[in-house]
Amino acid sequence: MKTILVRLSGDVTYRKRKSRLLFERLVLRNIKEALKKEGLNAKVKWEFSRILIEGEINNLDFLKRIFGISSFSPSIKIDFKTLDDLSEKIKEIYKERVKNKTFAIRCSRVGKHEFNSLQAAEAIGSKIYPFSAGVNLENPDLEINVEIRGNKAFVFEEKIKGAEGLPLGSGDKLLSLFSGGFDSPVASWYIAKRGCPVDFIHFSMGSLNDVREVFLVAKFLSDNWFYGHKAKFYVVKFHSIIKEIMKSLEPKIWQVALRRAMYLASEKIALEKGYESLITGESIAQATSQTIRNIRAAEEGISLPILRPLIGLDKREIIEISKRIGTYDLSLKVEELCAIAIGPLTPRVDLNKFRYDFAKIEKSIEEALKSLIEVSLDKSKEEIEDLFKEEEFTISFIPIDAVVVNLMPEKI
C-alpha cells in the first residue's frame, strides 16, 4: 500500500506554533473532505508538518487543488530498527531498478538518531552502488529521496507541486461579485488561496435562463477548489436597475453607474449575511469603467473593503490563469448581455455631477434586492436547469442601433 507524503506550504509552517497547528488541522480536514467528495477510501494521519494518506489511490490530481499543500509524493513507507536495516530494505526495492543507471540519494531526517542525514545517504548509497552504473549527484538517471521520521522512512522519487497558499477556512468569509467571465473566477480563486471561504453574487441582466452558464462556472470552482467550504450562489435580478440607468442618466456614465449599483447592492447583502469584504475581478484600465477615477467614483462611500486581486494583471495573464485553474472553457460560454456595456464612456467622470445624477436611481436598488435568490452550489446540473428556468419570454440584449420588429401575436 502506497503512502502519500503531504508537505505543507510555507504560509502554514512559518506560523507560530498555535496558529501553525490550527492551519495544519484545517489542511487535514480539507483533505478528508476532498477524499469524501472524490469517493476515495483512505486513511489520513497527521504528523507535525506532514500529513500521511494511506490507500490505493490512482489519481492524485485532487491534492493539487487543496490550498495549504506545498507538494506531495507517492512513497513507500518502511519501518526500520537500525540504519543498516533501513539500507538493506531500500536496496531490495531498488537493486533491479538501478541497473545500468546512475543514481543519487537525497536524505532528510526528523527525530533523534545515532546518525545524521549525510551518514544515512552514504549508508544507503553504498548498498545500492554495486547494482548501478555509479553515483551522479548533479544529474542522475534516478533520484531516490528518503525522508526519515523517527523509526519510519518514506522513500519516493518525485515531488508533485501543490496549490500552496493558506488552508480554506483559515480566513474570513467574503462575497465575490461574479459575472462568470474570465476575470471574476480567477479573482475568487486568488482570494480562496489566501484561506478565505468565498461565496458568489451574480446580477442577472436579463432572463434567468442566462444565469445557468454563470452558475456552472461558480460550481466548478466550488467542486474542484473549495474543499472544506459549502459555497453559496446569490442572484439578483438587475434589469430594472439597467432600465432606470438608461432612462435617467447620460450614456457616458452608464457603466460606472451600473458598477456602483452592484457595489451598493452587494454591500447590503454582505452586511446582512456576515461577509467581511467584497471581491471583484477589476484590473486597472482593462475597460474604461475601470480607470482609477471611475473606480473611485463607483466605490465612494462603500463601507466594506473591496479586494481586487487582479488589479495589476492584463487580460492575457488572467486568461492563462483561468486555463490553469480550469475555468477557461466554462467562462467562454458566458456571454456579455448588457446593453450598457457598449457605446462611448468617459474615462474620468465628474465626481460631483456623478453623485448628483446617481442619486436619481439609488432608491431603485432596494426594490431590486427583493428579487434575491440564494442557491447552494452543491445542486446538480439537472436541479439548476429547473431552478433557473424562466417561462416568460425575455430579450436579454438588443444592440443600441438595432431595429426591433414585433412579430408576436396580439393578445385577444
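Scroll up to find the structure.
This structure is a prediction, so every number in the text was calculated from the model and none was measured.

(A) Quick peek at the pairing of strand E7 (residues 152-156). Burial analysis of E7 places four of its five residues in the buried class, the great majority of the element. Where strand E4 (residues 69-79) meets E7, four bridges bridge the pair, whose relative direction is antiparallel. Its bridge partner being in E7, Ile 78 is matched across the sheet by Ala 153. Two elements, strand E6 (residues 142-149) and E7, share five bridges in a ladder whose sense is antiparallel. Within the sheet, the bridge partner assigned to Arg 149 lies in E7 and is Lys 152. Connecting E6 to the antiparallel partner E7 that follows it, the hairpin turn spans two residues, and Gly 150 within it adopts a positive phi of roughly 65 degrees.

(B) Quick look at a nonpolar patch on the surface. A cluster of nonpolar side chains, contributed by Tyr 129, Val 135 and Leu 137, occupies part of the molecular surface with about 310 Å² of accessible area. You can see Tyr 129 is positioned in the loop between helix H4 (117-128) and E6.

(C) Looking closely at the packing of helix H5 (residues 183-193) against helix H10 (residues 315-325). Packing of H5 against H10 brings their axes to within 9 Å, and their N-to-C directions diverge by 65 degrees. Relative to H10, the element H5 lies roughly perpendicular. Once H5 is placed against H10, the crossing between them reads as left-handed. Along the contact surface, H5 presents Asp 183, Pro 185, Val 186, Trp 189 and Tyr 190, while H10 presents Lys 315, Ile 318, Ile 321, Ser 322, Arg 324 and Ile 325. Partitioned by chemical class, the residues of the contact of H5 with H10 number seven nonpolar, one polar and three charged.

(D) The arrangement of helix H9 (residues 292-299) in detail. What H9 keeps buried is the set Asn 294, Ile 295, Ala 297 and Ala 298. One face of H9 carries all of its buried residues, which in axial projection span an arc of 160 degrees. On its buried face, H9 is in contact with helix H8 (254-273) and helix H12 (351-358). The positive-phi residue at the C-terminal boundary of H9 is Gly 301, with phi of around 85 degrees.

(E) Molecular detail of the nonpolar core. Core analysis: the biggest nonpolar cluster contains 40 residues, and Phe 203 and Phe 238 have the highest contact counts within it. Ranked by residues supplied to this core, first place goes to H8 with 11 residues. Once residues lying within four places of it in the same chain are set aside, the contact partners of Phe 238 are Phe 203, Ser 204, Met 205, Leu 258, Ala 261, Met 262, Ala 265 and Ala 368.

(F) Region of interest: the environment of Val 12. With respect to the helices, strands and loops of the structure, Val 12 is situated in helix H1 (residues 10-13). Residues Val 12 and Gly 68, spaced 56 residues apart in sequence, show a C-alpha to C-alpha distance of 6.6 Å. Leaving out residues up to four positions away in the same chain, Val 12 has contacts with Arg 20, Phe 23, Glu 24, Gly 68, Gly 165 and Pro 167.

Basis of the calculations
- Residue positions are given per chain, counting from 1 as you read along its sequence in written order.
- Owing to the predicted nature of the model, reporting of local features is limited to residues with pLDDT of at least 70; listing and counting of side-chain atom pairs is limited to 80 or more, with chain, interface and lining totals taken over all residues.
- Side-chain metrics rest on all non-hydrogen atoms present in the structure, leaving aside hydrogens and water.
- Think of it in three bands: residues with accessible area under 20% of the maximum for their type are buried, residues over 50% are exposed, and the middle band is partly exposed, with areas taken using a 1.4 Å probe on protein chains only.
- Numbered from the N terminus, helices here are DSSP runs of H or I no shorter than four residues, and strands are runs of E no shorter than two.
- Two strands pair if DSSP finds at least two bridges between them.
- For patch building, the residue pool is restricted to those with more than 30% relative accessible area and no salt bridge; the joining distance is 9 Å between like charges and 5 Å between nonpolar side chains (Val, Leu, Ile, Met, Phe, Trp, Tyr).
- Working definition of accessibility: Shrake-Rupley area with a 1.4 Å probe, residue cover restricted to the visible protein chains.
- Salt-bridge detection follows one rule: a side-chain nitrogen of Lys or Arg within 4 Å of a carboxyl oxygen of Asp or Glu.
- For helices, the axis comes from a line fit to the C-alpha atoms of the stretch in contact; other axes are also lines fit to C-alpha atoms, and the angle between any two N-to-C directions lies between 0 and 180 degrees.
- Angle categories: roughly parallel below 35 degrees, roughly antiparallel above 145, roughly perpendicular from 65 to 115, and oblique for all the rest.
- Definitions for this section: a left-handed crossing has its near helix turned counterclockwise from the far helix by less than a right angle. A right-handed crossing has that turn clockwise.
- A contact between two residues is defined here by any heavy atoms of the two lying within 4.5 Å.
- All amino acids are sorted into three groups, where Ala, Val, Leu, Ile, Met, Phe, Trp, Tyr, Cys and Pro are nonpolar, Asp, Glu, Lys and Arg are charged, and the leftover types, Gly among them, are polar.
- Here, the arc refers to the directions that run from the helix axis to the C-beta atoms.
- Buried residues of nine kinds, namely Ala, Val, Leu, Ile, Met, Phe, Trp, Tyr and Cys, make up a nonpolar core once their side-chain atoms join them within 4.5 Å.

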